[in-house]
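Given next are the chains, with one letter for each unit.
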Amino acid sequence: MKPLFTKLFGLAALSLAMLAHADTPPAGFGNSLDELLSWAETRSPMVNAMRFETQARQQQITMAGALEDPMFKAEWMGIDKNNPTVAPARVGEMQYTLSQALPLWGKRDLQASAAQSLAEAADQTTAGTRAQLRTDIRQAYAQWYRALQSLRINRQQADLLRTMELSASQRYAVGRAEQAEALRLQMELSMLANEALVLQNAGEQAKAALAAWLNVSPNELTGLPEKLPAITPAQDIHRWLDEARSQNPELAAA
């Protein structure tokens, strides 16, 4: 049965991956972090593959506690050497045997218990995969948001420096300012332009990473991150630690 489960698992994972890739994200996809998390929850091939693995493990619990298939054997006896045949009516006799292998006492219970443990471990691994995926999406989304906000501030600073540089150039033309002031502003504008390129590259990298975790093309992230989730008050840190100790999937699987 293991090869059959492996084939079914592979086909299911492939089908889910194709469906997830074929599904078109809505307009403005990327505006809301909650929308991205919900998308990944239902369309991530990685998470869905782990869910099918868990279901397969659960089905193996029943199989592990069941008896092996009975064996049927037929034997031809008293065959005439001069006229050999396997027709039941033309041989000396036929012997039919039906046998059933019986495991030692408690062996089936142990097998079922082991299968149950594997199913629970697979379920916890699925939970861990979901949690890790959500963490990766949150991190990529935050990096994308930070790069875009930093780029916005960079452009505002550049606009201000251009205004100042124009004013300094005009005052220098009428002899009311030194040329060094205009040159200094031009140098700062050049530095801001280089910083803008770095921020644009960081934003594109974060967007590409986010698209990869969501299993979509970067071009399908047509929206822009509007805001980050509110920060939980610091007094809840102890509650986080207690929940991590009691609900951490990796600890439970181990």
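Residues numbered from 1 in each chain as written. Predicted model: local features only at pLDDT ≥ 70, side-chain atom pairs only at ≥ 80, totals over all residues. Heavy atoms only, no water.

Draft legend 1. The arrangement of the overall build of the protein chain in detail. Looking only at helices and strands, one finds seven helices and two strands in the protein chain. Reading the protein chain from its N terminus to its C terminus gives the helix and strand order α-α-α-β-β-α-α-α-α. Relative to its 254 residues, the protein chain shows a buried fraction of 24%. Sequence-distant contacts, at least 24 apart, represent 73% of the contacts inside the protein chain between residues at least 6 apart. A total accessible area of about 17600 Å² is found for the protein chain, and carbon and sulfur atoms account for 57% of it. (Helix = DSSP H or I, 4+ residues; strand = E, 2+ residues; numbered from the N terminus. Buried < 20%, exposed > 50% of the residue type's maximum accessible area, 1.4 Å probe, protein only. Contact = heavy atoms within 4.5 Å. Areas by Shrake-Rupley, 256 points an atom, 1.4 Å probe, with all protein chains shown as cover.)

Draft legend 2. A look at the packing of aromatic side chains. Under the definition given, this model contains two aromatic pairs. Each ring, one from Phe29 and one from Trp39, has its centre 5.1 Å from the other, and the planes form 55°; the classification is tilted. With Phe29 in the loop between α1 (2-22) and α2 (33-43) and Trp39 in helix α2, this residue pair connects regions lying ten residues apart in the sequence. Grouping residues by exposure puts Phe29 and Trp39 together as buried. On the numbers, 6.2 Å between centres and 20° between planes, the contact of Phe72 with Tyr96 is stacked. Separated by 24 residues along the polypeptide, Phe72 in strand β1 (residues 71-77) and Tyr96 in strand β2 (residues 93-99) bring together distant segments of the chain. Neither Phe72 nor Tyr96 differs from the other in exposure class; each is exposed. One Lys or Arg, Arg43, reaches over the ring of Trp39 and ends 4.0 Å from the middle of that ring. (Phe/Tyr/Trp six-rings, centres within 6.5 Å; stacked < 30°, edge-to-face > 60°. Lys NZ or Arg CZ within 6 Å of the ring centre and 35° of its normal.)

Draft legend 3. Quick look at the confidence of the model for the protein chain. Residue-level pLDDT values for the protein chain average 79, and 82% of them are 70 or greater. Within the protein chain, the element-level pLDDT minimum falls on α1, averaging 49, and the maximum on helix α5 (residues 179-214), averaging 90. Across residues 1-5 the pLDDT falls below 50, and counting only partners more than four positions away or on other chains, this stretch makes five contacts in the model. Below pLDDT 50 for its whole length, residues 18-22 participates in five contacts with residues either more than four positions away or in separate chains. (pLDDT = per-residue confidence, 0-100.)

Draft legend 4. Representation of α5 in the model. Its 36 residues give α5 an end-to-end C-alpha distance of 53 Å, which sits within 8% of 52 Å, the value for a rise of 1.5 Å per residue. Every buried residue belonging to α5 is among Ala182, Leu185, Leu189, Leu192, Ala196, Leu199, Gly203, Ala206, Lys207, Leu210, Ala211 and Leu214, and all of these are buried. After α5 finishes, the residue Asn215 shows a positive phi value of roughly 60°. (Expected span 1.5 Å × (residues − 1).)

Draft legend 5. Spotlight on the pattern of salt bridges. Counted under the stated rule, the structure contains four salt bridges. Among the ionic pairs, Arg184 bridges to Glu188, the shortest N-O distance being 3.2 Å. Pair noted here: Arg184 and Glu188 are both in helix α5, with a separation of four residues, about one helical turn. A single salt-bridge network, built from bridges that share partners, covers Glu41, Arg130 and Arg134. (Salt bridge = Lys/Arg side-chain N within 4 Å of Asp/Glu carboxyl O.)

Draft legend 6. Geometry of unusual backbone geometry. Of note in this structure, Asn215 is not a glycine but carries a positive phi near 60°. If you trace the backbone, Asn215 turns up in the loop between α5 and α6 (237-247).

Draft legend 7. Expanded view of α2. The set of residues buried in α2 consists of Leu33, Leu36, Leu37, Trp39, Ala40 and Glu41. One side-chain oxygen of the residue at the start of α2 lies 3.3 Å from the amide nitrogen of Asp34, identifying that residue as Ser32. (Polar contact = N/O pair within 3.5 Å; in protein donor to acceptor, adjacent residues only side chain to side chain.)

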